[in-house]
Amino acid sequence: MKNLLLSLTVVIFFAAENSIAQPANDNCANAINLTSGTSCNYTSGTTVGATQSLAAITCGFTGTADDDVWYMFTAVATTQTVSVQCGTAFDGVVDVRSGSCNGTNINCSDVVGTGTLETVNLSGLTVGAVYYVRIYSFGSLPSNAGTFQICVTNTGAIAPANDNCANAINLTSGTSC
């Protein structure tokens, strides 16, 4: 009876330990939209409970992409910065992609150590285009680690609303200006 009770306790503990809910943005299709600003307006994030959607990239170090989560932003300037403030027990890898979730990696950051600020400076962006940001841990984490703060800032001039032909302003001709 004692062995049966011990076995049931282990099974219940194991099941509870492995039943952590996945974050809503565990898959790229559910990427959380970030709004770019002239100053950093952080959004809280976590990789706790996340699963792998793509292989790790080489960015200084490779990392362990078994817990990646996704964000996206629409470029409002040709140069922008993605900042990720890692929690005290989290050593994050930041992977920025263009075109789609599994599109081209355009830049990344992997500063060694937990609790660091990962900064990815982006240039040559297309105003109005959507870019995807993937965050994952460098190594394996305790079940309660993986927290961070993320923001996107404009570091370049913001393009006017009529910067593209599709958004041209209709002019009415007249006799005076």
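Just so we're clear, the structure is a prediction, and the values are computed from it rather than from any experiment.

### Observations regarding the overall build of the chain
Link 1 in the chain: If you tally the helices and strands in the chain, you get 1 helix and 9 strands.
Link 2 in the chain: The N-to-C order of helical and strand elements in the chain reads α-β-β-β-β-β-β-β-β-β.
Link 3 in the chain: In the chain, which comprises 177 residues, the share counted as buried stands at 36%.
Link 4 in the chain: Of the roughly 9900 Å² of accessible surface on the chain, 57% is carried by carbon and sulfur atoms.

### Here's the deal with the pairing of strand 4 (residues 80-86)
Link 1 in the chain: By the criterion of burial, strand 4 is predominantly enclosed, with 6 of the 7 residues buried.
Link 2 in the chain: Judged from the 6 bridges that link them, strand 4 and strand 7 (residues 117-122) form a sheet pairing that is antiparallel. When the sheet's bridge partners are listed, Val84 is paired in strand 7 with Glu118.

### Here's the deal with the state of the cysteines
Link 1 in the chain: In the structure shown here, the tally under the stated rule is 2 disulfides.
Link 2 in the chain: Note on cysteine connectivity: Cys28 is disulfide-linked to Cys101, with sulfurs 1.5 Å apart. Here the disulfide of Cys28 and Cys101 is left-handed, its torsion about the S-S bond being about -75°. Note that Cys28 is positioned in the loop between helix 1 (2-17) and strand 1 (32-34) and Cys101 in the loop between strand 5 (92-98) and strand 6 (104-109), a separation of 73 residues in sequence.

### Quick word on a nonpolar patch on the surface
Link 1 in the chain: There is a patch of nonpolar side chains on the surface, built from Phe61, Val112 and Phe138 and spanning about 270 Å² of accessible area.
Link 2 in the chain: Its relative accessible area of 32% is what places Phe138 among the partly exposed residues.

### Considering the side chain of Asp91
Link 1 in the chain: Assignment of secondary structure puts Asp91 in the loop between strand 4 and strand 5.
Link 2 in the chain: For the buried residue Asp91, which engages in no salt bridge, the nearest side chain bearing the opposite charge is Arg134, 14 Å off.
Link 3 in the chain: Once residues lying within four places of it in the same chain are set aside, the contact partners of Asp91 are Asp110, Val111, Gly113, Thr114, Glu118, Tyr136, Ser137 and Phe138.

### Re the confidence of the model for the chain
Segments scoring low in pLDDT should not have their predicted coordinates read at a detailed level.
Link 1 in the chain: Scored by pLDDT, the chain has a mean of 83; 79% of the residues are at 70 or more.
Link 2 in the chain: The secondary-structure element of the chain with the lowest mean pLDDT is helix 1, recorded at 44, while strand 1 shows the highest, at 98.

### Overview of the packing of aromatic side chains
Link 1 in the chain: Tallying each qualifying case throughout the model produces 3 aromatic pairs.
Link 2 in the chain: Both rings, one in Phe73 and one in Tyr131, keep their centres 5.7 Å apart while their planes meet at 25°; by these two values the pair is stacked. Here Phe73, found in strand 3 (residues 69-74), pairs with Tyr131, found in strand 8 (residues 130-137); they are 58 residues apart in sequence, far enough to count as distant. Residues Phe73 and Tyr131 agree in their burial class; the two are buried.
Link 3 in the chain: Pairing Phe90 with Phe148 gives two aromatic rings, centres 5.7 Å apart and planes at 25°, and the pair type is stacked. Placement of Phe90 in the loop between strand 4 and strand 5 and of Phe148 in strand 9 (residues 147-154) is noted, with a sequence separation of 58 residues between them. Across the pair, exposure class does not vary: Phe90 and Phe148 are buried alike.

### A word on the environment of Val133
Link 1 in the chain: Looking at where Val133 falls in the secondary structure, it is placed in strand 8.
Link 2 in the chain: Note: C-alpha distance between Val133 and Asp95 (38 residues apart in sequence) is 5.7 Å.
Link 3 in the chain: The residues touching Val133, leaving out its near neighbours within four places in the chain, are Val69, Trp70, Tyr71, Phe73, Val82, Val94, Asp95, Val96 and Ile150.

### Remarks on the nonpolar core
Nonpolar side chains in soluble globular proteins tend to be buried together.
Link 1 in the chain: Membership of the largest hydrophobic core comes to 21 residues, with the highest contact counts inside it found for Phe73, Val82, Val133, Ile135 and Ile150.
Link 2 in the chain: Of all the secondary-structure elements, those providing two or more residues to this core are strand 3, strand 4, strand 5, strand 7, strand 8 and strand 9.
Link 3 in the chain: Not counting residues within four places of it along the chain, the set of residues in contact with Val82 comprises Phe73, Val94, Val96, Glu118, Thr119, Val120, Leu122, Val133, Ile150, Cys151 and Val152.
Link 4 in the chain: Within the second largest apolar cluster, 6 residues are counted, among which are Cys59, Ala65, Val93 and Tyr136.

Rules behind the numbers
- Residues numbered from 1 in each chain as written.
- Predicted model: local features only at pLDDT ≥ 70, side-chain atom pairs only at ≥ 80, totals over all residues.
- Heavy atoms only, no water.
- Helix = DSSP H or I, 4+ residues; strand = E, 2+ residues; numbered from the N terminus.
- Buried < 20%, exposed > 50% of the residue type's maximum accessible area, 1.4 Å probe, protein only.
- Areas by Shrake-Rupley, 256 points an atom, 1.4 Å probe, with all protein chains shown as cover.
- Pairing = 2+ DSSP bridges.
- Disulfide = S-S within 2.5 Å.
- Patch = residues over 30% accessible without salt bridge, like charges linked within 9 Å, V, L, I, M, F, W, Y side chains within 5 Å.
- Salt bridge = Lys/Arg side-chain N within 4 Å of Asp/Glu carboxyl O.
- Lys, Arg positive; Asp, Glu negative; His and termini not counted.
- Contact = heavy atoms within 4.5 Å.
- pLDDT = per-residue confidence, 0-100.
- Phe/Tyr/Trp six-rings, centres within 6.5 Å; stacked < 30°, edge-to-face > 60°.
- Core = buried A, V, L, I, M, F, W, Y, C linked by side-chain atoms within 4.5 Å.

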